[in-house]
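# Summary of structural features
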Amino acid sequence: MKRVLLAWSSGKDSAWTLQRLRGMPDVEVVGLFTTLNAGTGRVAVHAVRDTLLEQQARAIGLPLHRIALPYPCPNAVYEAALERFFSAQAAGVTHVAFGDLFLDDIRRYRERQFASLGIEPLFPLWGLPTRALAEEMVADGLRAWITCVDPRQAPREWAGRLFDGDFVARVPPNIDPCGERGEFHTFAFAGPMFAEPIAARVGEISERNGFVYADVLSSTEW
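### Let's talk about unusual backbone geometry
Looking along the chain, the bond that leaves tyrosine 71 and enters proline 72 is cis, with omega of -5 degrees. Structurally, proline 72 is set in the loop between strand S4 (64-69) and helix H3 (75-89). Phi is positive for alanine 47, close to 60 degrees, though the residue is something other than glycine. As for its placement among the helices and strands, alanine 47 is situated in the loop between strand S3 (42-43) and helix H2 (50-60). A relative accessible area of 12% places alanine 47 in the buried class.

Structure below.
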């Protein structure tokens, strides 16, 4: 039995990775781990609030481990933080799972990173056609808010949009429908991996550091 920690970004790909892992008879998912911006308390890149992360973990029924990182974060600092976490807090974990889809350099980096720790990375979604994958996600009930858009790669108006069947159908051919090249990032709030949907809505839309962000609010912050 593989004892797996899942890299949890709060987004649709990590949520769907969990769904796939739970369907594997030789896998036991024992927890989630997330990297947070130490200054803001938000998920790195996705900019999702910690309160929403906590609600996701409760709806999933797994413990959530947070790894605080400075911003900006040099690669050596990131690697050292993960090594400390897995050395000190991940006893009994044999594998770590990621929602990566097709970027070879990212996969090779993760494989090198965990080889020295004796932990094998898993990539349950690897190589799947991303349009078909996005269609499968939404057909099975996954819903997410788009929290971050790179306006150099995708329309800035997508920030705050709902990732659903209508959105996936309208993604043009020049943009990956899962945003794997960083076109957009999401916060998953409903789907078969959650015991119940997470009450969340989009608040302020803002632009900083060249990206457009939608601030998703939990029901306690409305």
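### Observations regarding the packing of aromatic side chains
As enumerated under the stated definition, the model contains 14 aromatic pairs in all. On the numbers, 6.4 Å between centres and 35 degrees between planes, the contact of phenylalanine 163 with phenylalanine 184 is tilted. In this pair, phenylalanine 163 sits in strand S8 (residues 162-163) while phenylalanine 184 sits in strand S9 (residues 184-190), placing the two residues 21 residues apart along the sequence. The two residues phenylalanine 163 and phenylalanine 184 agree in class, both being buried. In this structure an aromatic cluster arises from ring pairing among Phe33, Phe85, Phe86, Phe98, Phe114, Phe123 and Trp126. The ring of tryptophan 126 is capped by arginine 107, whose NZ or CZ atom sits 5.0 Å from the centre of that ring.

### A look at the environment of proline 72
Its relative accessible area of 65% is what places proline 72 among the exposed residues. The spacing of proline 72 and histidine 185 is 113 residues in sequence and 19 Å in space, taken between C-alpha atoms.

### A few points about the pattern of salt bridges
Overall, the coordinates contain 13 salt bridges when judged by the stated rule. Across the pair arginine 66 and aspartate 50 runs a salt bridge whose closest N-O atoms are separated by 2.6 Å. Within this pair, whereas arginine 66 is found in strand S4, its partner aspartate 50 is found in helix H2, the two being separated by 16 residues in sequence. Salt bridges linked by common partners bring Arg42, Arg49 and Asp215 together as one network.

### Focus on the packing of H3 against helix H4 (residues 104-115)
Two numbers describe how H3 lies on H4: the axes approach to 11 Å, and their chain directions differ by 50 degrees. As judged from the angle between their axes, H3 and H4 are oblique. Relative to H4, H3 is oriented so that their crossing is right-handed. Here Asn75, Tyr78, Glu79, Leu82 and Phe86 of H3 lie close against H4, whose contacting residues are Tyr109, Arg110, Gln113 and Phe114. Looking at the contact of H3 with H4 residue by residue, the class counts come to 5 nonpolar, 2 polar and 2 charged.

Each value, and the rule that gives it
- Residues numbered from 1 in each chain as written.
- Predicted model: local features only at pLDDT ≥ 70, side-chain atom pairs only at ≥ 80, totals over all residues.
- Heavy atoms only, no water.
- Helix = DSSP H or I, 4+ residues; strand = E, 2+ residues; numbered from the N terminus.
- Buried < 20%, exposed > 50% of the residue type's maximum accessible area, 1.4 Å probe, protein only.
- Phe/Tyr/Trp six-rings, centres within 6.5 Å; stacked < 30°, edge-to-face > 60°.
- Lys NZ or Arg CZ within 6 Å of the ring centre and 35° of its normal.
- Salt bridge = Lys/Arg side-chain N within 4 Å of Asp/Glu carboxyl O.
- Axes fitted to C-alpha atoms, helices over the stretch in contact; angles between N-to-C directions.
- Parallel < 35°, antiparallel > 145°, perpendicular 65-115°, else oblique.
- Left-handed = near helix turned anticlockwise from the far one by under 90°.
- Contact = heavy atoms within 4.5 Å.
- Nonpolar A, V, L, I, M, F, W, Y, C, P; charged D, E, K, R; others polar.

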